[in-house]
Protein chains: 2
Amino acid sequence: MRFCSNCGAPVALKIPPGDNLPRHVCDACSTVHYSNPKMVIGCIPEWRDRVLLCRRAIEPRYGLWTLPAGFMENGETVAQAALRETLEEARARVELTGMFSVLAVPHVKKVHMFYRAPLIELEFGNGADSIDVQL
Amino acid sequence: MRFCSNCGAPVALKIPPGDNLPRHVCDACSTVHYSNPKMVIGCIPEWRDRVLLCRRAIEPRYGLWTLPAGFMENGETVAQAALRETLEEARARVELTGMFSVLAVPHVKKVHMFYRAPLIELEFGNGADSIDVQL
């Protein structure tokens, strides 16, 4: 961040009064801009003893296999994010049966959360971010 | 958001190519600014059959009792955030024994996560954001 998103003036990185961490602060309009970790929400789509995986169509890790997951959006629940990402990336519908893992990745400022999720039916396909989807 | 935090030019709210949600987009430098939910991390500090609560010294809900919790910072794990907030707000040290709840609050763009957390010792006090702390 180099400019204030509220007023457009340059920001400076400094510790605001009453805080103990450096923040991007706008001296022109006094806005303090906080940066916080983002959530990546997904699931483990299961069918009998197999797991549905997506082959990434986007960077980073283009071409590698991964679970369906993506950034949680404003206005949705964690469960809605998992269902949406699974539908978008694997064209699959699942039932969420419980949280499998909550895993922070501090150096990239992310928290990954995955549900266990049996497939509701044996239907899936390539979503926008996948070049292949296979059980 | 009214101005691009990268170049300072005004931003417009529109759906970028390949996306399906409106984002703040800078036409000057082509940056797409994403806004995502923030995480509020805390714990339920237990001592025998009692729970340690903090009385808020800050808005919103000044003066009401709450569990120790606060915004997760970049560079920390979820567990570190819970321990830090408990120390900051209740001057208490706890052991995290498991996740109690993961609760999205979509209309305020937040996800609250709370651990079960027995107190390590019977010591606590008012932190910076608390006017009282009691078992």
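Residues numbered from 1 in each chain as written. Chains lettered and ligands numbered in written order. Predicted model: local features only at pLDDT ≥ 70, side-chain atom pairs only at ≥ 80, totals over all residues. Heavy atoms only, no water.

**Student:** Describe the nonpolar core, naming the residues involved and giving the relevant values.
**Tutor:** If you look at the biggest cluster of nonpolar residues, it comprises 38 residues, and the most contacted ones within it are I41(A) and I41(B). Mapped by element, the contributors of at least two residues to this core are β4 (38-47), α1 (78-90) and β10 (110-118) of chain A together with β4 (38-47), α1 (78-90) and β10 (110-118) of chain B. Dropping the residues within four chain positions of it, I41(B) is found in contact with P68(B), A69(B), G70(B), M72(B), V78(B), A81(B), A82(B), E85(B), M113(B) and Y115(B). (Core = buried A, V, L, I, M, F, W, Y, C linked by side-chain atoms within 4.5 Å. Buried < 20%, exposed > 50% of the residue type's maximum accessible area, 1.4 Å probe, protein only. Helix = DSSP H or I, 4+ residues; strand = E, 2+ residues; numbered from the N terminus. Contact = heavy atoms within 4.5 Å.)

**Student:** Explain the pattern of salt bridges residue by residue, including any values.
**Tutor:** Inspection of the entire model under this criterion finds 16 salt bridges over all chains. For R84(A), the salt bridge is made with E88(A), and the minimal N-O distance between the two is 3.3 Å. Placement of the pair is R84(A) and E88(A) together in helix α1, with a separation of four residues, close to one helical turn. Owing to a relative accessible area of 28%, E88(A) belongs among the partly exposed residues under this scheme. With a shortest N-O distance of 2.8 Å, R23(B) and D19(B) are connected by a salt bridge. By relative accessible area, which is 8% here, R23(B) ends up buried. Members of the salt-bridge network, linked through shared partners, are E76(A), R84(A), E85(A) and E88(A). (Salt bridge = Lys/Arg side-chain N within 4 Å of Asp/Glu carboxyl O.)

**Student:** Could you give me a rundown of the relation of the copies chain A and chain B, with the residues and numbers involved?
**Tutor:** For the match of chain A to chain B, the screw axis carries a shift of 0.0 Å, the RMSD comes to 0.0 Å, and the turn is 180 degrees. Viewed as a symmetry operation, the transformation between the two copies matches a two-fold axis. When the interface residues of chain A are mapped onto chain B, 100% of them are again interface residues, pointing to one common binding face. (Least-squares fit on C-alpha atoms with pLDDT ≥ 70 in both.)

**Student:** Talk me through α1(A); I want residue IDs and the actual numbers.
**Tutor:** All names here are of chain A. The end-to-end C-alpha separation of α1 is 18 Å, in line with the 18 Å expected for 13 residues at 1.5 Å each. For α1, the full list of buried residues reads V78, A81, A82, R84, E85, T86, E89 and A90. Looking one or two residues beyond α1, the residue adopting positive phi is R91, at roughly 50 degrees. (Expected span 1.5 Å × (residues − 1).)

**Student:** Go over the layout of surface pockets, please, and point to the residues and values.
**Tutor:** Counted as a void, the largest pocket has a volume near 1400 Å³. Considering the residues around the largest pocket, the lining is formed by 40 residues, among which Y34(A), K38(A), Y34(B), S35(B) and K38(B) are closest to the centre. (1 Å grid on protein atoms, 1.4 Å probe; cavity = no way out; pocket = protein on both sides within 12 Å on 5 of 7 lines; lining within 4 Å. Points joined across faces, edges and corners; volume = space filled by probe spheres on them.)

**Student:** How would you summarise the sheet that holds strand β11 (residues 130-134) of chain B if you had to cite specific residues and measurements?
**Tutor:** Strands in a sheet are paired, the pairing made by backbone hydrogen bonds, and the direction either parallel or antiparallel. All names here are of chain B. One open sheet holds the three strands; their spatial order is β7-β6-β11, and the pairing between them is antiparallel. Two strands close off the open sheet at either side, each with one partner strand: β7 (65-66) and β11. In the sheet, strand β6 (residues 53-56) pairs with β11 via four bridges, with the strands oriented antiparallel. Looking at the pairing, R56 lines up with S130 of β11. (Pairing = 2+ DSSP bridges.)

**Student:** Pulling in residues and values, what's your account of the confidence of the model for chain A?
**Tutor:** Considering every residue of chain A, the mean pLDDT works out to 96; 100% of them sit at 70 or more. The ipTM, which scores confidence in the relative placement of chains, is 0.93 for this predicted complex, and the corresponding pTM is 0.94. (pLDDT = per-residue confidence, 0-100.)

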